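Here are the chains, one letter per residue:
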Amino acid sequence: MANPPVCRIMDYGKFRYEESQKAKESRKKTIQVSIKEVKFRPKIGKGDFDTKVRHMQDFLADGHKVKVTLQFRGREMAHPELGSRILDAVIEQVGTHGKVETQARLEGRNMTMVLAPEKKAVVKKPHEPRAATHNDKASDDKAADDAPTPAQPEQAVAEVTEVQAPAEPVAEAVVETADPA
């Protein structure tokens, strides 16, 4: 305790307002991860499969977890290996965008698996339409000025090799589907 005792006279309304602002600011910095669900069927076509996987990649890029559900109906339950084959193809195509958080397991007539984003979420910003202005020509001229000159050939070659070098090998996935006939 301080000697003599110290007290502070303050406006309680202002104090409550400042506390609520601090709490609001701390809530802004938190990231809420939601779970998106994508449903498949064992007899899914190649085009539908690719579209759903592309949506999953977008969800993972936004930082969401993705629950992959494979629904079986009727006699499809006799062949769960077809479902696990489709889920393996999903894992292959998602590739570096996400990792398996929960392995595929059969629960009743559904086989489920959860994928999580590989790295920290990168928040996508909506694309703003760019209006054509007279500055476009000026920016094109500026870009031409930034082009490497013949006096700097090593730098130009280094830049080209950096762009052309693949980050890692890309595996192609083949999805076999049963004929609906």
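These numbers come from a predicted model, not from an experiment.

Asks: Would you explain the overall build of the protein chain in this entry?
Replies: Of the regular secondary structure elements, the protein chain holds 5 helices and 4 strands. Its helices and strands in sequence order give the protein chain the pattern α-β-α-β-α-β-β-α-α, from N to C terminus. Of all 181 residues assigned to the protein chain, the portion counted as buried reaches 18%. Within the protein chain, counting contacts between residues at least 6 apart in sequence, those at least 24 apart form 67% of the total. As displayed, the protein chain has an accessible area near 14500 Å², and 54% of this comes from carbon and sulfur atoms.

Asks: Which parts of the structure should I look at to understand the pairing of strand 2 (residues 65–71)?
Replies: The side chains of a regular strand alternate between both faces of the sheet. Relative to strand 2, strand 1 (residues 35–40) runs parallel, the two sharing 6 bridges. Across the sheet, Ile35 pairs through a bridge with Lys65, a residue of strand 2. Of the crossover connections in this fold, the one passing from strand 1 over helix 2 (residues 46–61) to the parallel strand 2 is right-handed.

Asks: Mind showing me how you'd approach the packing of aromatic side chains here?
Replies: Here the distance between the centres and the angle between the planes together describe a pair of aromatic rings. In total, this model carries 2 aromatic pairs according to the counting rule given. Summarising the aromatic geometry, the rings of Phe40 and Phe49 are spaced 5.7 Å apart at their centres and angled 50° between planes, so their arrangement reads as tilted. Phe40 gets classed as buried once you look at its relative accessible area, which sits at 1%. When its relative accessible area of 0% is taken as the criterion, Phe49 is described as buried. Here the guanidinium or amino end of Lys52 rests over the ring plane of Phe40, the centre of that ring lying 5.7 Å away.

Asks: I keep staring at the pairing of strand 3 (residues 98–107) and nothing clicks. Help me out?
Replies: Relative to strand 4 (residues 110–117), strand 3 runs antiparallel, the two being bridged by 7 bridges. Note that in strand 4 the partner of Leu106 across the bridge is Met111. Where strand 3 hands over to strand 4, the hairpin turn is made up of 2 residues, of which Gly108 adopts a positive phi near 65°.

Asks: Is there a simple way to explain the pattern of salt bridges in this structure?
Replies: Once their charged atoms are close, side chains differing in charge can pair, the charge on each being opposite to the other. Under the counting rule described, the total for this entry stands at 5 salt bridges. Among the ionic pairs, Lys46 bridges to Asp50, the shortest N-O distance being 3.2 Å. Here Lys46 pairs with Asp50, and both are found in helix 2, just 4 residues apart, close to one helical turn. Under the relative-accessibility criterion, Lys46 is labelled partly exposed at 41%. On the accessibility criterion, Asp50 (25% relative accessible area) is partly exposed. As a salt-bridge pair, Lys65 and Glu101 come within 3.2 Å of each other at their nearest N and O atoms. Of this pair, Lys65 sits in strand 2 while Glu101 sits in strand 3; the two residues are 36 residues apart in sequence, bridging distant segments of the chain.

Asks: Got a minute to help me understand the confidence of the model for the protein chain in this structure?
Replies: Any region with low pLDDT has predicted coordinates that should not be read closely. Scored by pLDDT, the protein chain has a mean of 75; 65% of the residues are at 70 or more. No element of the protein chain has a lower mean pLDDT than helix 5 (residues 153–164), at 40, and none a higher one than strand 2, at 93. Scored below 50 in pLDDT, residues 136–140 makes 3 contacts in the model with residues more than four places away or belonging to other chains. Segment residues 150–167: pLDDT under 50, and 1 contact once partners within four positions in sequence are set aside and those in other chains are kept.

Asks: For this particular structure, what's the right way to read the sheet that holds strand 1?
Replies: The strands making up a sheet associate through backbone hydrogen bonding, with each pair oriented either parallel or antiparallel. Strands sit in the order 1-2-4-3 across an open sheet of 4 strands; the sheet is mixed. Sheet topology places strand 1 and strand 3 at the edges, where each strand pairs with a single neighbour. Each strand of the sheet is rotated relative to its neighbour by a mean of 20°, with strand direction disregarded. Its contacts with the sheet place helix 2 against strand 1, strand 2, strand 3 and strand 4, and it is angled at close to 170° to strand 1.

About the criteria used
- Positions within a chain are numbered from 1, following the residues in the order the chain's sequence is written.
- Where local features are concerned, this predicted model is filtered to residues with pLDDT of at least 70; where side-chain atom pairs are given and counted, the filter is 80 or more; whole-chain, interface and lining totals use all residues.
- Side-chain descriptors were evaluated using all non-hydrogen atoms of the structure, hydrogens and water having been removed beforehand.
- In DSSP terms, a helix is any run of H or I states spanning at least four residues, a strand is any run of E spanning at least two, and both are numbered starting from the N terminus.
- Residue exposure (1.4 Å probe, protein chains only): buried if accessible area is under 20% of the type maximum, exposed if over 50%, otherwise partly exposed.
- Between two residues, a contact is recorded if the distance between any of their heavy atoms is within 4.5 Å.
- All accessible areas in this document rest on Shrake-Rupley with a 1.4 Å probe, and a residue is counted as covered only by the protein chains that are shown.
- When DSSP locates at least two bridges between a pair of strands, those strands are taken to pair.
- Whether a crossover is right-handed comes down to one check: with the strands pointing away from the viewer, does the path from the first strand over the helix to the second run clockwise; if it does, it is right-handed.
- In this scheme Phe, Tyr and Trp rings, the latter by its six-membered ring, pair at centre separations within 6.5 Å, and the angle between planes marks the pair as stacked below 30 degrees, edge-to-face above 60, and tilted otherwise.
- Over a ring means this: the NZ of a Lys or the CZ of an Arg is within 6 Å of the ring centre and within 35 degrees of the ring normal.
- Think of a salt bridge as a Lys or Arg side-chain nitrogen and an Asp or Glu carboxyl oxygen that are within 4 Å of each other.
- Each residue carries a pLDDT value, the predictor's own confidence for that position, ranging from 0 to 100.
- Helix axes use the C-alpha atoms of the stretch in contact, all axes being lines fitted to C-alpha atoms, and the angles between their N-to-C directions lie in the range 0 to 180 degrees.

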